[in-house]
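Spelled out from the first residue to the last, the chains are:
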Amino acid sequence: SAGFAAAETKENQLMLVSIVVPCYNSEHTISDLVELNIQTLQNSYPDYGVEFVLVNAYSKDHTMDIIRSLCQKYSFVKGICLAKNFGQHNAIMAGLQYAQGDLIVGMDDDMQTHPSQLPILLAKIQEGYDLVYGQYPVRKNSFFKNLTSKFNAVTSRILLGRPKTIVSSNYWVINRMVRDEVIKYRSFNPYVDAIFYRVTHNIADVPIEHFKREYGSSNYTFRKLVKLWFAYFSFSA
């Protein structure tokens, strides 16, 4: 991308944005996700630098091959390959270890957390917040997934201390202070949002559009959702 402020031109950029993406069987979407994020930042924040931290959670397809090709194409793409699938939140924690940005964005690999919505999150956190969630007024998920999301919203407020006025999601941006505190956590079974709430209550959410999945179906089975929910009970700060 000619003229784009990539990670290595740090002395000339106003801000470095790290985009952390846990990847599982995302060979059909991960290239588009990277390219669209680059284009979006070029258009909305041309003076910002960007880096991508793509964490392959032991995919069964050619996801890691795609990540390698992106690393060869762009010097500001970092690829991490996990030795097994440790779950989404462990993949995020691994990615945060390598994120060097002033702001760190978490998004999924399926294009539902769409790059076009990134400027909305970045604008909100610059109002002085430590953490901003994208809030979905309309979710493009199945009835079952929407139901479990509502259940998660209630239990996370009660068990994990999520502020009552905040609606959390899997699309968020944090500042460097939060990242530096989060990576100190060493439990085998992390729940990233709970660690966020331990670090700060200077949190906001902002309405964004939720997009339909472009390929395949959710990797979260009922069993995996239950297992993730039980992380509430094994989590400790």
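Further up the page is the structure itself.
Residues numbered from 1 in each chain as written. Predicted model: local features only at pLDDT ≥ 70, side-chain atom pairs only at ≥ 80, totals over all residues. Heavy atoms only, no water.

**Some points on the overall build of the protein**
Right, so step 1: A tally of helices and strands in the protein yields eight helices and seven strands.
Right, so step 2: Here the protein holds 237 residues, and 49% of them are scored as buried.
Right, so step 3: When the accessible surface of the protein is summed, it comes to about 11300 Å², and 54% of that surface belongs to carbon and sulfur atoms. (Helix = DSSP H or I, 4+ residues; strand = E, 2+ residues; numbered from the N terminus. Buried < 20%, exposed > 50% of the residue type's maximum accessible area, 1.4 Å probe, protein only. Areas by Shrake-Rupley, 256 points an atom, 1.4 Å probe, with all protein chains shown as cover.)

**As for unusual backbone geometry**
Right, so step 1: Positive phi, normally seen in glycine, also occurs at Asn-25, with a value near 50°.
Right, so step 2: Within the secondary structure, Asn-25 is located in the loop between strand S1 (15-23) and helix H1 (30-44).
Right, so step 3: Classification of Asn-25 as partly exposed rests on a relative accessible area of 28%.
Right, so step 4: Although it is not a glycine, Tyr-58 sits at a positive phi angle of roughly 55°.
Right, so step 5: With respect to the helices and strands, Tyr-58 occurs in the loop between strand S2 (48-56) and helix H2 (63-73).

**Points about the packing of aromatic side chains**
Right, so step 1: Throughout the structure, instances matching the rule amount to four aromatic pairs.
Right, so step 2: Between the aromatic rings of Tyr-74 and Phe-76, the centroid separation amounts to 5.1 Å while the plane-to-plane angle is 40°, which identifies the pairing as tilted.
Right, so step 3: On the basis of relative accessibility, which here comes to 6%, the residue Tyr-74 falls in the buried class.
Right, so step 4: Accessibility expressed as a relative area gives 6% for Phe-76, which makes it buried.
Right, so step 5: Taken together, a centroid distance of 5.0 Å and an interplanar angle of 80° make the contact between Trp-172 and Phe-196 edge-to-face. Taken together, the positions of Trp-172 in strand S6 (residues 172-175) and Phe-196 in helix H7 (residues 192-199) put the pair 24 residues apart, joining distant regions of the chain.
Right, so step 6: Among the aromatic residues, those joined into a cluster by ring pairs are Phe-52, Tyr-74 and Phe-76. (Phe/Tyr/Trp six-rings, centres within 6.5 Å; stacked < 30°, edge-to-face > 60°.)

**Examining the pattern of salt bridges**
Right, so step 1: Enumeration over the complete set of coordinates arrives at seven salt bridges.
Right, so step 2: Lys-78 is the salt-bridge partner of Glu-51, the closest N and O atoms lying 3.1 Å from each other. With Glu-51 in strand S2 and Lys-78 in strand S3 (residues 77-81), the pair connects residues that are 27 residues apart, well separated along the chain.
Right, so step 3: In this structure Lys-78 comes out as partly exposed when scored by relative accessible area, which is 27%.
Right, so step 4: Residue Glu-181 pairs with Lys-184 through a salt bridge whose shortest N-O separation is 2.9 Å.
Right, so step 5: Each of Arg-176, Arg-179 and Asp-180 takes part in one network of salt bridges that share partners. (Salt bridge = Lys/Arg side-chain N within 4 Å of Asp/Glu carboxyl O.)

**Points about the packing of helix H3 (residues 88-98) against H7**
Right, so step 1: Taken N-terminus to C-terminus, the directions of H3 and H7 make an angle of 55°; their axes are 9 Å apart at the nearest point. Taken together, H3 and H7 sit at an angle that is classed as oblique. Taken together, the residues of H7 that come into contact with H3 (itself represented by His-89, Ile-92 and Met-93) are Val-192, Asp-193 and Ile-195.
Right, so step 2: Partitioning the contact of H3 with H7 into residue classes produces four nonpolar, one polar and one charged. (Axes fitted to C-alpha atoms, helices over the stretch in contact; angles between N-to-C directions. Parallel < 35°, antiparallel > 145°, perpendicular 65-115°, else oblique. Contact = heavy atoms within 4.5 Å. Nonpolar A, V, L, I, M, F, W, Y, C, P; charged D, E, K, R; others polar.)

Purely geometric stuff here, so don't read any function into it on its own.
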